[in-house]
Each structure stands twice: as structure tokens, then as C-alpha cells.
Amino acid sequence: MENREILYGAVVRQIRRFIAATIFFNQKVADRVGLHLTDMQCLNLLELTGPATPGELARQMALTTGGVTVMLDRLEKKGYVKREPNPLDRRSLLVSVLSRKFEKLDSLYAEINRSFGEVLHDTPEQDLKAVIAFFERCAEVRRQVPLGKASRG
């Protein structure tokens, strides 16, 4: 049991380190291209899941619809996204990434993606499957557990 507690603590610390390093790296990229960190995550989400309505983005990103509108205005003005009528609901819009602009942004991740590719290439298939299953479970927990209430100050 003691070994499991040590491993648990080590896993949590490594996840926190990885998240922090990822946030700092993404902030550097955002600064370089003149975007906000939230803008970058919106683009990432759209690239991963495909076009979405502003309301869907608000829910997925835990933002207000007004905040999403302001963010989409910035992204559209800079040429990263386009808003088009939703063919399934004429009262709403679909937001999608403009691939030409996203490819330029993606090039800033080329070196880190190459390095991650090497790590993944050297990782046994069984370990990769375990990592995928682990992160799928973690993502599900993250989607279901609400933000805790902490005092400000």
C-alpha cells in the first residue's frame, strides 16, 4: 500500500509538471502570434473536435457566451476561424478553423511534436494503450467534476 501511495503522489506531481510546462509553452506560442491563451485552446478544441456552435464552445470551455463571442471576434479578425450559418439550425452559427492559418500556427509546434513522436515511438504498445486509457478516464472525470468553491484572497 505504501508503494502505491508513493506512486500515486509521483503520478500527480508529473501530471502537474506536464500541465504547467504545456501551459507555459502554449503561452509562448500565443504571445508570438498575438493571441490569448484561451484563444489557443479554442483553436485546439476546434481542431480536435471539428466545427462547433458558439454555445457548444462556451459549454466545453466553461466560458460565458459573451466571452466566447469576444474570443471568436478576435480569432475571426486575425483569420483563424470563420463563422457560417449552421445547416442544422438556421438560428445558430458554426465556427470552424481556417486550415491555412492553423498550419502556420501548427508549425510553431513542429519541434515539440517531433520530440513527442520520438518518445511515443520508443514506448511499448502496451504502455501506450495504458496511457490512452488513463487519460480518457482523467478527461471524463474532468468533464464531470465541477470546479470547487474556494475563497478569493
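Residues numbered from 1 in each chain as written. Predicted model: local features only at pLDDT ≥ 70, side-chain atom pairs only at ≥ 80, totals over all residues. Heavy atoms only, no water.

**Student:** For the pairing of strand β1 (residues 81-86), give the residues involved together with the corresponding values.
**Tutor:** Pairing geometry for β1 and strand β2 (residues 89-97), over six bridges, is antiparallel. Residue pairing across strands places Lys82 opposite Ser96, the latter belonging to β2. In this structure, the hairpin formed by β1 and β2 is closed by a connection of two residues. (Pairing = 2+ DSSP bridges. Helix = DSSP H or I, 4+ residues; strand = E, 2+ residues; numbered from the N terminus.)

**Student:** Help me get a handle on the pattern of salt bridges, residues and values and all.
**Tutor:** Following the criterion strictly, the structure yields nine salt bridges and no others. Glu84 is the salt-bridge partner of Lys82, the closest N and O atoms lying 3.6 Å from each other. Given the relative accessible area of 32%, Lys82 is considered partly exposed. Across the pair Arg114 and Glu118 runs a salt bridge whose closest N-O atoms are separated by 2.2 Å. Taken together, the positions of Arg114 and Glu118, both in helix α6 (residues 110-121) and four residues apart, correspond to about one turn of that helix. Look at Arg114 and you get partly exposed, because its relative accessible area is 41%. One salt-bridge network, held together by shared partners, links Asp73, Glu76 and Arg83. (Salt bridge = Lys/Arg side-chain N within 4 Å of Asp/Glu carboxyl O. Buried < 20%, exposed > 50% of the residue type's maximum accessible area, 1.4 Å probe, protein only.)

**Student:** Give me the lowdown on the layout of surface pockets, citing residues and values where you can.
**Tutor:** The gaps left among the atoms become clear once a water-sized probe is rolled over them. Quantified by volume, the second largest pocket comes out at close to 310 Å³. Along its surface, the second largest pocket is lined by Arg4, Leu7, Tyr8, Val11, Val12, Ile15, Arg16 and Phe134. Considered class by class, the residues forming the lining of the second largest pocket number six nonpolar, no polar and two charged. (1 Å grid on protein atoms, 1.4 Å probe; cavity = no way out; pocket = protein on both sides within 12 Å on 5 of 7 lines; lining within 4 Å. Points joined across faces, edges and corners; volume = space filled by probe spheres on them. Nonpolar A, V, L, I, M, F, W, Y, C, P; charged D, E, K, R; others polar.)

**Student:** A description of the side chain of Asp39 should follow, citing residues and the corresponding values.
**Tutor:** Mapping Asp39 onto the fold places it in helix α2 (residues 37-49). Residue Asp39 is classed as buried on the basis of its relative accessible area of 0%. Not counting the four nearest positions on each side in its chain, Asp39 is found in contact with Met71, Arg74 and Leu75. (Contact = heavy atoms within 4.5 Å.)

**Student:** Give me unusual backbone geometry: which residues, what numbers.
**Tutor:** Although it is not a glycine, Ala62 sits at a positive phi angle of roughly 55°. Tracing the backbone through its elements, the reader meets Ala62 in the loop between α3 (54-61) and α4 (65-77).

**Student:** Describe the packing of α2 against α3, naming the residues involved and giving the relevant values.
**Tutor:** Two elements in contact, α2 and α3, have axes separated by 11 Å at closest approach and are oriented at 110°. Between α2 and α3, the angle is such that the two are roughly perpendicular. With respect to the hand of their crossing, α2 and α3 are arranged in right-handed fashion. Judged by residue contacts, Thr38, Gln41, Cys42, Leu45, Leu46 and Thr49 of α2 engage Leu57, Gln60 and Met61 from α3. (Axes fitted to C-alpha atoms, helices over the stretch in contact; angles between N-to-C directions. Parallel < 35°, antiparallel > 145°, perpendicular 65-115°, else oblique. Left-handed = near helix turned anticlockwise from the far one by under 90°.)

Scope: geometric values only; no functional claims are made or implied.
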